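Each chain is listed here by its residues.
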Amino acid sequence: RSTTNPEVKLWPRNCCREAFGHRLWALIGNSSQIDEAKECAVLEVATSAMVQGICQGTGDHFFVEARAVGGWGYQDDGIAVLMLPEVRVLSRD
């Protein structure tokens, strides 16, 4: 189902934020290929508390990406590992 500007809620683990540099990128698109999706939000993950944001865009595929650069406090330089127990994407239409 396609959606426009969905709300995104992420529940990070109570550890390991340094594995992905305390920052995650949300992308949205109309293909299952992440390289065809557009960045729609950047989420700062400073604590283990739930983080949320609005993904500015339209599409029927949603991605959460950890990047090896662009965050801060990485555990290992050049490596990003994504570990999330729960992600919710809520349509606002």
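In case you missed it, the structure is sitting above this.
Parameters and conventions
- Residues numbered from 1 in each chain as written.
- Predicted model: local features only at pLDDT ≥ 70, side-chain atom pairs only at ≥ 80, totals over all residues.
- Heavy atoms only, no water.
- Salt bridge = Lys/Arg side-chain N within 4 Å of Asp/Glu carboxyl O.
- Helix = DSSP H or I, 4+ residues; strand = E, 2+ residues; numbered from the N terminus.
- Buried < 20%, exposed > 50% of the residue type's maximum accessible area, 1.4 Å probe, protein only.
- Core = buried A, V, L, I, M, F, W, Y, C linked by side-chain atoms within 4.5 Å.
- Contact = heavy atoms within 4.5 Å.
- Disulfide = S-S within 2.5 Å.

Novice: Help me understand the pattern of salt bridges, please; the structure alone is not making it clear to me.
Specialist: Oppositely charged side chains can pair when the atoms bearing their charge come close. Within the structure shown, the criterion is met by four salt bridges. Two residues, Arg67 and Glu39, come together in a salt bridge whose shortest N-O distance is 3.1 Å. Highlighted residues: Arg67 in the loop between strand 7 (61–65) and strand 8 (86–90) and Glu39 in strand 4 (residues 38–44), separated in sequence by 28 residues. Its relative accessible area of 24% is what places Arg67 among the partly exposed residues. You can call Glu39 partly exposed: its relative accessible area is 42%. Of the charged contacts, one joins Glu65 and Arg67 as a salt bridge, the two residues approaching to 2.9 Å between their closest N and O atoms.

Novice: Is there a simple way to think about the nonpolar core in this case?
Specialist: The nonpolar side chains of a soluble globular protein tend to be buried with one another. With 12 residues, the main nonpolar core is built from Val8, Leu10, Phe20, Leu24, Ala26, Ile28, Cys40, Ala41, Leu43, Val45, Val51 and Cys55. At the level of secondary structure, the elements contributing two or more residues to this core comprise strand 2 (7–11), strand 3 (23–29) and strand 4. Beyond its immediate sequence surroundings of up to four residues, Val51 is in contact with Val8, Lys9, Leu10, Leu43, Glu44 and Val45.

Novice: How do you make sense of the state of the cysteines when you look at a structure like this?
Specialist: Here, the word disulfide means a covalent bond between the sulfur atoms of two cysteines. Tallied over the entire structure, the rule returns two disulfides. Covalent S-S linkage joins Cys15 and Cys16, the inter-sulfur distance amounting to 2.2 Å. Given an S-S torsion of about -65 degrees, the disulfide between Cys15 and Cys16 has left-handed geometry. You can call Cys16 buried: its relative accessible area is 17%. Across the disulfide from Cys40 sits Cys55; the S-S distance is 1.9 Å. Linking Cys40 and Cys55, the disulfide has an S-S dihedral of approximately -95 degrees and is accordingly described as left-handed. Note that Cys40 is positioned in strand 4 and Cys55 in the loop between strand 5 (51–54) and strand 6 (58–59), a separation of 15 residues in sequence. Accessibility classification places Cys40 together with Cys55 in one group, the buried group.

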